[in-house]
Structures are given as structure tokens and as C-alpha cells.
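Structural features, examined
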Amino acid sequence: MTPYRSNAGGFAILKGESMRRPLCMAALVYTISVWILLQFMTWEPETYPDWNKKSVWAEGIVVSKEYRTNENGEVKLLVELRDSLISETSWNSGGKEKSGETGADAEDKKTLRLPRRLLCRMGDGSPERAEELDKRLPIGSRIAVEGKFRIFPQATNAGEFDSRLYYRILGCEAQLTGAELLTAEMPERSLTFRSLRLDVAELLHCVRRRMSLVLTECLPGQSAEIMKAMLLGDKGGLDPELKELYQGAGIVHILAISGLHILMIGMGVFRLLRRLRVGNAAAAVSAMTVILLYGQMTGMSASSRRAVLMFLLRMLAKLIHRTYDLLTAVSIAGVLLLIQEPFLLRYSGFLFSFGAVLGIALLMPSYETKLMKGLSVSLAVLPVHLVYYGTFPVLSILLNLLVIPLMSAVMAGEFLTLALGFVSSFLGKIAGAVPTGILVFYEALCKIAQSVPGQEMVFGAPSGWQTAVYLWILAVIASLKEGAEFWKPLEALHQETQEKSENQLIRRHES
């Protein structure tokens, strides 16, 4: 964020700010430092050899819940526990003294307290059982379960998906498969911040679940699941083949909670309150609160956390009467996320999200034509795509030019479908016709692109020096425009000086 600066026309931001963004430079130095450290640091996660694949009993506090449908159509309830204690022998909830040891060195290896969360996969595969468990396990309750303890698989080949790293970033240490509920109790609540947070989390889960059911009633088949992914961050019911189709076409990013969702909701709340003549400060604080709750409800993925933080900075700028600077905001958001979890630099979702915003902030202003402006994001995230997939869908550049402009209509249709769906499923179905039609159009585009020979080109993962050269070229492109803008005030001053000199010479000659 940069301060307002007065000029003849009112308030404007001085251009050529590359040297006047110290926070951006500090963020760049910090990010590079973290990346270098990660290259030399060997991450050796705890494997728990004495516990892996054993049938155990576990106890902990429920902190999140999510429905998940597997490839066989079975519905499971995924429950995350904190303060988890694993035992080789059963106990009654709260009836056994717990060891304070952490890791595999717990006392006599009879108990194990996990430093991170434990993911429990619960249910027999039927939606009814998942619903029953959901009602019996409110967030904040202490439960005891029985199941098979498993660590997440680690990638053994280059380019292979690393489940252990992925779940570490999500905050999970291990999982319990085939988990069966033994006991569940709601402890006495105290007026603490943690208790209040758990109560809010349960309320948001119920709201999210109700919204999910409304979308299911108002939209057909996979259209409802796509809408849930876009609006609620719920990808549990997505057809793997459909997700693969979107990914192969290079538009899978539209399924993630992004800045568009956050901006439409947050600015919608802010502008509505301002039209109702609510004060600027109250409207900004209200919008910030709504976005924080929305981010919490949708799961706070890497992309949504980035978008939430940037929106909070946008509102903060309004509160302290400063202009909002996109590049500074994304820099601050990146540093805050990396301080919390440095391994995000190895997570594709984080890199795609920040790469897209940097493409908008740095590359888009460097191009004059609408076509090249539209390609800015694709050019910025190309190295990430190649590193993690080794291939690049060539037609994705054209598809994104067609898909992204329609996303505002899709989002508006989703909100309208939800609003009317709460009143009447019939009205919700009518409102859902437009976004459903657009999604059908998206799917048709993906299938056409998939049928084109040579649409997915195999390049392999680029080496470090190739990525560095490519990023350097993009930096040069961005700096050329920045440099031109930087010299404009000096050129204008030089031209003004020349005109004054010529006028003085003319007056002397006339005299």
C-alpha cells in the first residue's frame, strides 16, 4: 500500500514505484532465502514404524469435518482431530491418564501423542451413515475411535504426487482408515477464544452443509458438484474423470476458491453497506468479517488464504486512507503464509495462485493488446505447470480467454441460485439454468480441445537454470514497461524546459 499523493487532478499514485516498494523487495529476499534453505534442508517426516498399519484406538477433539465421495461412489466423513492420543489398548473417553510424550518415543511405545492433526475416515460408504456421524460429532466434541493407523505415502519418483507433503501442508500428521466411533462427548464450554472459535466453526459447517444441499436440489448432477467446488470449496463429490478433463484442458483452476470469489463477495458487502449510508469504517470492518468467515467456511486453501489476506489489506487501505497496491498486497500475503508454513513453496496450489496474481500485476501492464494481456497469467504460471505436470495443454491459452470472462456470470448465477434456492427449489432451478448452461459450454470446450491432436505437448520438467532464464525474460519484459513509465516524468520535465528556452529565445529575438 502506498500513500495518497496530491496533484492538480486530485489523488494519484506516483508511477515508477519499483524503488518505492520496500515491502516487495523484502518479501522477495525472504522468499528466495526460504527457497534456498529448502534446497539444502532434508525433510525427514516421522514414519512411526511401530504404529504404521496397526489397529489402534485414538482420542482427540474434532476441529473440522468434510464429506468425501470416492471413485466407487462411497461417501465418507473425513474428521480431523487435534490433541490426538493413540493407544494400543482401548480406554473409556477421558478415563485413562494420557502420556505427554510426543512422537514414537512415547512411554513404552504404548501411547503416541501426535504433534499435528489426525485424519479419520469414518462411515460405511452410505450417505445416511455419513449424515448420522456428522450430527453426532459437532466440532469441539471429544471423541474416541478405533481404526487402522497409517502414515501418508511419500513420493518415491520425480514428478509423483507427494501425499505426505500435501497433508503436512494441510496440518495432518497421519490418518485412521476404517475408523469406527466408540464414544463422543461435548465437554463443558468455557468463555475462551478457542471455545468460541470451535462454536463458530460448527456453525459455519452447518451453513456450508445447508448450502451444499440447496445446490444439490437446484442443479443437475455434476453441475451441482462443480458449483460446490467453486463456491464452497467442497470437492468431495467431483467426478474424477470430469476433474481430469478440466485439468487436461488447463482450466482446472476455476474449481478453486480464488480472488474473484472473495472480491465479488467482499466488495458486494462493502458497496451494499455504503449504499445504505453505513460509514466507510463500519462497512470495511463488516466486509472483512464476512470474508474471514467465508474463508473459514470454505476450508482456507492456499489460494483462498491468499485472496482473503489481500482483501483484508484492501479494506485496511480504506480504513487508513491509503491506496491499495496489488503488488505490495500479494507480497505481504506471500510472506505471511510462508512464515506459517515454509513448505508451501513446494505446493503447486500456492505457486499457481501467486504466479497468476504476479502475472496480472507485472506482466499485464507491460502489454498493449488485449490478446497479450489475456496471456499474461498463462505465461506467468507456465514454469509451475511444467514442473508439476511435465506437459502443457497448448489450447489452454485460448480456452482461458473464453472461460475466464464468463466466470463472473457463473459466480453471479451461483449466488442467485443459492439465494432463491433457500426460498424455493423451483426458483433456484430457474436461476441455475444460466450457470449450468455455461458449465455445459465449458465441458464441451474441454472435450473439443481434448480431441485435437497434439493439444497436450510433453516438455518434461524444466531444469533450474531453464526456469531461471524464463523468469528473467519475463522480468525484462515487465521492467521495460516499468522503465518507460519511470522516465516519463523526466521526459516531460525535459520537454517543458526546452519549450521554456525556445519561448525565451523568441521573446529576445522579437525585442
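Below: a short report on this structure. In this text, all values refer to a predicted model and were calculated from it rather than measured experimentally. (Residues numbered from 1 in each chain as written. Predicted model: local features only at pLDDT ≥ 70, side-chain atom pairs only at ≥ 80, totals over all residues. Heavy atoms only, no water.)

For the rest of this paragraph, the subject is the packing of aromatic side chains. Inspection of every chain in the model, using the stated rule, returns seven aromatic pairs. Plain terms: the ring middles of F161 and Y166 are 5.5 Å apart, the flat faces sit at 55° to each other, and that makes the pair tilted. Relative to Y347, the ring of Y166 has its centre 5.9 Å away and its plane inclined at 50°; by these criteria the two rings are tilted. Pair noted here: Y166 is in helix α3 (residues 163-170) and Y347 is in the loop between α10 (326-340) and α11 (348-363), with a separation of 181 residues, a long-range link. With relative accessibility at 25%, the residue Y166 sits in the partly exposed group. Over the face of the ring belonging to Y67 we find R209, whose NZ or CZ atom lies 3.8 Å from the ring centre. Above the face of the Y324 ring, R314 is positioned so that its terminal group lies 4.2 Å from the ring centre. (Phe/Tyr/Trp six-rings, centres within 6.5 Å; stacked < 30°, edge-to-face > 60°. Helix = DSSP H or I, 4+ residues; strand = E, 2+ residues; numbered from the N terminus. Buried < 20%, exposed > 50% of the residue type's maximum accessible area, 1.4 Å probe, protein only. Lys NZ or Arg CZ within 6 Å of the ring centre and 35° of its normal.)

Moving on, we get to the side chain of N400. In this fold, N400 is placed in helix α13 (residues 396-403). Reaching out from N400, the side chain makes a polar contact with the side chain of H253 at a distance of 2.6 Å. In contact with N400, not counting residues within four places along its chain, are G250, I251, H253, S378 and P405. (Polar contact = N/O pair within 3.5 Å; in protein donor to acceptor, adjacent residues only side chain to side chain. Contact = heavy atoms within 4.5 Å.)

Bringing the side chain of D234 into the picture now. Mapped onto the secondary structure, D234 falls in the loop between α5 (221-232) and α6 (240-249). For the buried D234, which has no salt bridge, the nearest side chain bearing the opposite charge is R208, at an N-O separation of 4.7 Å. Residues within four places of D234 in sequence aside, it is in contact with E66, Y67, R208, S212, E225, K228 and A229. (Lys, Arg positive; Asp, Glu negative; His and termini not counted. Salt bridge = Lys/Arg side-chain N within 4 Å of Asp/Glu carboxyl O.)

For the structure on display, the rule yields twelve salt bridges. Between E80 and R117 there is a salt bridge, with its nearest N and O atoms 2.8 Å apart. Taken as a pair, E80 in strand β5 (residues 75-87) and R117 in strand β7 (residues 117-125) lie far apart in primary sequence, 37 residues in all. The closest approach of N and O atoms between E131 and R209, which form a salt bridge, is 2.4 Å. With a gap of 78 residues between them, E131 in helix α2 (residues 127-136) and R209 in helix α4 (residues 193-218) connect regions that are remote in the sequence. Judged by relative accessible area, which is 23%, E131 ranks as partly exposed. A relative accessible area of 19% means that R209 is categorised as buried. Connected through shared salt-bridge partners, K65, D134 and E202 make up one network.

Here the focus is the nonpolar core. Y246, I254 and Y442 are the most contacted members of the largest nonpolar core, which has 51 residues in total. Residues in contact with Y246, not counting those within four places in the same chain, are I226, I251, V252, I254, L255, L439, Y442, E443 and C446. (Core = buried A, V, L, I, M, F, W, Y, C linked by side-chain atoms within 4.5 Å.)

Relative to strand β8 (residues 142-150), strand β4 (residues 55-69) runs antiparallel, the two sharing seven bridges. Looking at β8, one finds that I61 is bridged to R142. Sheet topology places β8 next to strand β9 (residues 172-185); eight bridges connect them, and they run antiparallel. Residue pairing for β9: R150 is matched across the bridge by Q175. (Pairing = 2+ DSSP bridges.)

A word on the packing of helix α1 (residues 22-40) against α10. Their axes nearest at 9 Å, the elements α1 and α10 cross at an angle of 35°. α1 and α10 meet at a crossing whose hand is left-handed. Here L23, C24, A27, Y30 and T31 of α1 lie close against α10, whose contacting residues are L327, T328, S331, I332, V335, L338 and I339. For the contact of α1 with α10, a count of residues per class yields nine nonpolar, three polar and no charged. (Axes fitted to C-alpha atoms, helices over the stretch in contact; angles between N-to-C directions. Left-handed = near helix turned anticlockwise from the far one by under 90°. Nonpolar A, V, L, I, M, F, W, Y, C, P; charged D, E, K, R; others polar.)

As a further point, take unusual backbone geometry. The phi torsion at K53 lies on the positive side, around 70°, for a residue other than glycine. For K53, the position within the fold is in the loop between α1 and β4. Unusually for a residue other than glycine, D83 sits at a positive phi of about 55°. Its place among the elements puts D83 in strand β5. Under the relative-accessibility criterion, D83 is labelled partly exposed at 37%.

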